[in-house]
Amino acid sequence: QVQLVESGGGLVQPGGSLRLSCAASRSIVSIYTMGWYRQAPGQQRELVARITSSGNTNYADSVKGRFTISRDNAKNTVDLQMNTLKPEDTAVYYCYANPLRYGTGAYWGQGTQVTVSS
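Residues numbered from 1 in each chain as written. Predicted model: local features only at pLDDT ≥ 70, side-chain atom pairs only at ≥ 80, totals over all residues. Heavy atoms only, no water.

Undergrad: Before we go on, may I ask you to explain the overall build of the chain in this structure?
TA: From N to C terminus, the chain includes zero helices and eleven strands. Listed N to C, the secondary structure of the chain is β-β-β-β-β-β-β-β-β-β-β in terms of helices and strands. Here the C-alpha atoms of the chain give a radius of gyration of 14 Å, agreeing with the 13 Å that 2.2 N^0.38 yields for 118 residues. Along the first, second and third principal axes, the C-alpha set of the chain runs to 40 × 30 × 25 Å. (Helix = DSSP H or I, 4+ residues; strand = E, 2+ residues; numbered from the N terminus. Rg over C-alpha atoms; globule rule 2.2 N^0.38 Å.)

Here it is as C-alpha cells:
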C-alpha cells in the first residue's frame, strides 16, 4: 500500500517550465515502475513518462526532448521536469505506481492541474 501526492502544477506561459513532484507515503525502492499520466478534457489518458527501479525510462513522443523523469529512492519521490511547455501540454497530470513488473494493480495520486497559456 502506498499513497501518492502530486505538487508543482500551475499556470505557465508557452515556452516556460514547471517541475512536478510526486511524494510517496513509504519507501519506493521495491516499486518496479513509477511515472506520470495526463488527461486533457475530451481526450484519452496518455502515458507521459515512466521510470523503473533500475532507472530505465520511456517517454511519449510528444514530450521527448522536453520532459525528464527522475526517481529519488532516498527521498521517496518521482519528479517530472517539463521544459519548453506548449498549450497542448495543458492537462491534469497524475502520478502512478506499479509495484510489480507483471502485475496489473496500480496506485494513483489525486492529480495536479497544468495550464499553459499566454
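Okay, back to it.
Undergrad: Would you mind going over the environment of Asn76 with me for this structure?
TA: Looking at where Asn76 falls in the secondary structure, it is placed in the loop between β7 (67-72) and β8 (77-82). Taking the C-alpha atoms as reference points, Asn76 and Ser27, separated by 49 residues in sequence, lie 5.6 Å from one another. Not counting residues up to four positions away in its chain, the partners in contact with Asn76 are Cys22, Ala23, Ala24, Arg26, Ser27 and Ile28. Of the polar contacts made by the side chain of Asn76, one reaches the backbone nitrogen of Ile28; its length is 3.4 Å. (Contact = heavy atoms within 4.5 Å. Polar contact = N/O pair within 3.5 Å; in protein donor to acceptor, adjacent residues only side chain to side chain.)

Undergrad: Would you take a moment to explain the state of the cysteines for this structure?
TA: Put plainly, a disulfide is one covalent bond tying together the sulfur atoms of two cysteines. Applying the stated criterion across every chain, the model contains one disulfide. Across a sulfur-sulfur distance of 2.1 Å, Cys22 and Cys95 are joined as a disulfide pair. Between Cys22 and Cys95, the S-S torsion sits near -80 degrees, and that sign places the bridge as left-handed. Taken together, the positions of Cys22 in strand β3 (residues 18-24) and Cys95 in strand β9 (residues 91-98) put the pair 73 residues apart, joining distant regions of the chain. What makes Cys95 buried here is its relative accessible area of 0%. (Disulfide = S-S within 2.5 Å. Buried < 20%, exposed > 50% of the residue type's maximum accessible area, 1.4 Å probe, protein only.)

Undergrad: Would you mind going over the sheet that holds β8 with me for this structure?
TA: Note: strands within a sheet are paired through backbone hydrogen bonds, in either parallel or antiparallel orientation. With respect to topology, four strands assemble into an open sheet ordered β1-β3-β8-β7, the strand pairing being antiparallel. With one partner strand each, in any of the chains shown, β1 (4-7) and β7 form the two edges of the open sheet. Adjacent strand axes in the sheet meet at a mean angle of 15 degrees, parallel and antiparallel pairs treated alike. (Pairing = 2+ DSSP bridges. Axes fitted to C-alpha atoms, helices over the stretch in contact; angles between N-to-C directions.)

Undergrad: So what exactly am I meant to see when it comes to the pattern of salt bridges here?
TA: Side chains carrying opposite charge are able to pair once their charged atoms draw close together. The full count for this structure, using the stated rule, is five salt bridges. Arg19 is the salt-bridge partner of Asp79, the closest N and O atoms lying 3.2 Å from each other. Taken as a pair, Asp79 in strand β8 and Arg19 in strand β3 lie far apart in primary sequence, 60 residues in all. Accessibility expressed as a relative area gives 14% for Asp79, which makes it buried. (Salt bridge = Lys/Arg side-chain N within 4 Å of Asp/Glu carboxyl O.)

Undergrad: Please explain the nonpolar core as it appears in this structure.
TA: Nonpolar side chains tend toward joint burial in soluble globular proteins. In terms of nonpolar packing, the biggest core is built from 28 residues, with Trp36, Leu80, Met82 and Tyr93 touching the most fellow members. Mapped onto this core, the elements with two or more residues apiece are β3, β4 (33-39), β5 (46-52), β7, β8, β9 and β11 (112-116). Those residues within four positions of Leu80 in sequence are excluded, and the remaining contacts are Leu18, Arg19, Leu20, Trp36, Val48, Ala49, Phe67, Thr68, Ile69 and Tyr93. (Core = buried A, V, L, I, M, F, W, Y, C linked by side-chain atoms within 4.5 Å.)

Undergrad: Looking at this structure, how should I read the environment of Gly16?
TA: Within the secondary structure, Gly16 is located in the loop between β2 (10-12) and β3. For Gly16, a relative accessible area of 19% gives the class buried. With sequence-adjacent residues up to four places away left out, Gly16 is seen in contact with Met82, Asn83, Thr84 and Leu85.

The quantities given are spatial measurements derived from coordinates; they are silent on function.
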